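In case you want the letters, here they are:
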There are 2 protein chains.
Amino acid sequence: MNKHIKPTESELEILGILWEKGASTVREVHEILEQSKEAGYTTTLKLMQIMHEKGLLTRDASAKTHIYEAAVSRENTQQQLLNKMIDTVYKGSATQLVMQALGHHRSSPAELEQIRRYLNEMEKKQS
Amino acid sequence: MNKHIKPTESELEILGILWEKGASTVREVHEILEQSKEAGYTTTLKLMQIMHEKGLLTRDASAKTHIYEAAVSRENTQQQLLNKMIDTVYKGSATQLVMQALGHHRSSPAELEQIRRYLNEMEKKQS
DNA sequence: CCTGTTGTACGAATATCTTCGTAAACAAAT
DNA sequence: ATTTGTTTACGAAGATATTCGTACAACAGG
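Counting residues in hydrophobic clusters, the biggest one holds 66 residues, and the most contacted among them are Leu97 of chain A together with Leu97 of chain B. Sequence-distant contacts of Leu97 of chain B, that is, excluding residues within four places in its chain, are made with Leu82, Leu97 and Ala101 of chain A together with Leu82, Met85, Ile86 and Tyr90 of chain B.

Okay, here's the thing in structure tokens:
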């Protein structure tokens, strides 16, 4: 049942905000967006309307001020983008991606430990 | 001196082919591209010409048939895309990306071992 | 030399994304 | 009731990406 999700860069930013905040109005999203980006209010509005048309967002239009919510899950979207990336840029090798990610992004000892435990789990299941 | 590389989806496909094959003609690239995608020859040509203008490819035009080569390294490009992805889709957590990559892409025991060794290295350096 | 093949160059049509101006609907305040 | 502010709707302009038709140059075989 997995849909072919392909959000653009701008759409991804909006999705990120909605995943964090949950259901929100255009203004709420716009105010967060403004902190990292220059954009007019109607631009954000239009984007979110289009995302709604595409099925990326749901909206509750019962009140005057509409409430939008992400219609695609963060996990699903992450997976889609990850797969494509591994495929086109890492020759299909997830291992390479993992090592590069570990190499360039400082992880805390606790995180490293978390990953180690995860690796152990993986190996148990492999039998 | 890292340039701001931002290849489009189509450009990425072509880069992937050139990284694998090394320097190639348009026809060679096109023939590989055709296996996974519907496209005319002149479309591929135009794309590669534009990529050359953008500085994504170098070309040797001394012979009638031009030879193109990737002008950006796979590693550099991977890093750029990885950074952006961790940032926008994984809330900045490389750890989460790593675990999702491990979870959904079966890795061989040898690969898991490789990652484990890499983790050990990381922890030593952290002292 | 003519002809068919292969290649590049150019330009244009199409699609998609991004941005925002303007208008209309609505509510709250004066 | 008029004004003011907030919101959605609409449409269009600008930017970028994608696709390909057509023309022209180089070359190979006859």
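Here the narrative resumes.
This part takes up the domain arrangement of chain A. Once the domains are mapped, chain A shows domain 1 (9-70) and domain 2 (74-126). One C-alpha centre belongs to domain 1 of chain A, the other to domain 2 of chain A; they are set 30 Å apart.

On the side of chain A, 43 residues touch chain B, which itself brings 45 residues to the contact. With both chains or domains summed, chain B and chain A bury close to 4600 Å², and 62% of this area falls on carbon and sulfur atoms. A per-residue breakdown of the area chain B buries against chain A is headed by Val89, Arg116 and Leu119 of chain B, which together make up 13% of the total. The interface formed by chain B and chain A includes three salt bridges. Note that Arg116 of chain B and Glu123 of chain A form a salt bridge whose closest N and O atoms lie 2.8 Å from each other. Applying the counting criterion to the chain B and chain A interface returns 18 residue pairs in polar contact (both at pLDDT 80 or more). Per-element tally for the side of chain B that touches chain A: the top contributor is helix H6 (residues 109-126) of chain B, with 13 residues.

So, on to the relation of the copies chain B and chain A. Taken as rigid bodies, chain B and chain A are interconverted by a rotation of 179° and an axial shift of 0.0 Å, the fit giving an RMSD of 0.2 Å. The transformation relating the two chain copies, once decomposed into turn and shift, fits a two-fold axis. In terms of proximity to the rotation axis, the leading residue of chain B is Val98 of chain B, whose C-alpha is 2.6 Å off the axis. Most of the interface of chain B is mirrored in chain A, where 96% of its interface residues again form contacts.

Before going further, it helps to examine the protein's contact with DNA strand C. Taken together, 22 residues surround DNA strand C, and among them Thr8 of chain A together with Arg27, Tyr41, Gln49 and Lys64 of chain B come closest. Atoms of DNA strand C within 4 Å of the protein: sugar and phosphate make up 58%, bases the balance. Separating a base oxygen of DNA strand C from a side-chain N or O atom of Lys64 of chain B is a distance of 2.8 Å. In this structure, a phosphate oxygen belonging to DNA strand C sits 3.3 Å away from a main-chain N or O atom of His66 of chain B. For the surface near DNA strand C, the secondary structure elements donating two or more residues are helix H3 (41-54) of chain A together with helix H2 (26-36) and helix H3 (41-54) of chain B. Partitioned by chemical class, the residues of the surface near DNA strand C number five nonpolar, nine polar and eight charged.

Moving on, we come to helix H4 (residues 74-89) of chain B. Compared with the 22 Å implied by 1.5 Å per residue over 16 residues, the 22 Å span of H4 of chain B between its first and last C-alpha is a close match. Of all the residues in H4 of chain B, the buried ones are Arg74, Asn76, Thr77, Gln78, Gln79, Leu81, Leu82, Met85, Ile86 and Val89 of chain B. Summarising the contacts, the buried residues of H4 of chain B are in contact with helix H1 (9-21), helix H4 (74-89) and helix H5 (94-104) of chain A together with helix H1 (9-21) and helix H5 (94-104) of chain B. Looking one or two residues beyond H4 of chain B, the residue adopting positive phi is Lys91 of chain B, at roughly 50°.

Moving on, we come to the protein's contact with DNA strand D. The environment of DNA strand D is made up of 22 residues, and the closest members are Arg27, Tyr41 and Lys64 of chain A together with Thr8 and Gly40 of chain B. Counting only the atoms of DNA strand D within 4 Å of the protein, the fraction contributed by sugar and phosphate is 58%. Within the side chain of Ser10 of chain B, one N or O atom sits 3.2 Å away from a phosphate oxygen of DNA strand D. Broken down by secondary-structure element, the contributors of at least two residues to the surface near DNA strand D are helix H2 (26-36) and H3 of chain A together with H3 of chain B. Each residue belonging to the surface near DNA strand D can be placed in one class, and the counts come to five nonpolar, nine polar and eight charged.

Both faces of the sheet carry side chains from a regular strand, because those side chains alternate between them. Residue and element names in this part refer to chain A. As paired strands, strand S1 (residues 57-60) and strand S2 (residues 67-70) are joined by four bridges and run antiparallel to one another. In the strand pairing of S2, Asp60 is matched with Ile67. Adjacent in sequence and paired antiparallel, S1 and S2 are bridged by six residues.

Attention shifts here to unusual backbone geometry. At Lys91 of chain A, a position not held by glycine, the phi torsion is positive, near 50°. On the secondary structure map, Lys91 of chain A appears in the loop between H4 and H5.

Conventions used here
- Residues numbered from 1 in each chain as written.
- Chains lettered and ligands numbered in written order.
- Predicted model: local features only at pLDDT ≥ 70, side-chain atom pairs only at ≥ 80, totals over all residues.
- Heavy atoms only, no water.
- Core = buried A, V, L, I, M, F, W, Y, C linked by side-chain atoms within 4.5 Å.
- Buried < 20%, exposed > 50% of the residue type's maximum accessible area, 1.4 Å probe, protein only.
- Contact = heavy atoms within 4.5 Å.
- Domains from an automatic or database assignment.
- Buried area = accessible area lost by both parts, 1.4 Å probe.
- Salt bridge = Lys/Arg side-chain N within 4 Å of Asp/Glu carboxyl O.
- Polar contact = N/O pair within 3.5 Å; in protein donor to acceptor, adjacent residues only side chain to side chain.
- Helix = DSSP H or I, 4+ residues; strand = E, 2+ residues; numbered from the N terminus.
- Least-squares fit on C-alpha atoms with pLDDT ≥ 70 in both.
- Near = heavy atom within 4 Å.
- Nonpolar A, V, L, I, M, F, W, Y, C, P; charged D, E, K, R; others polar.
- Expected span 1.5 Å × (residues − 1).
- Pairing = 2+ DSSP bridges.

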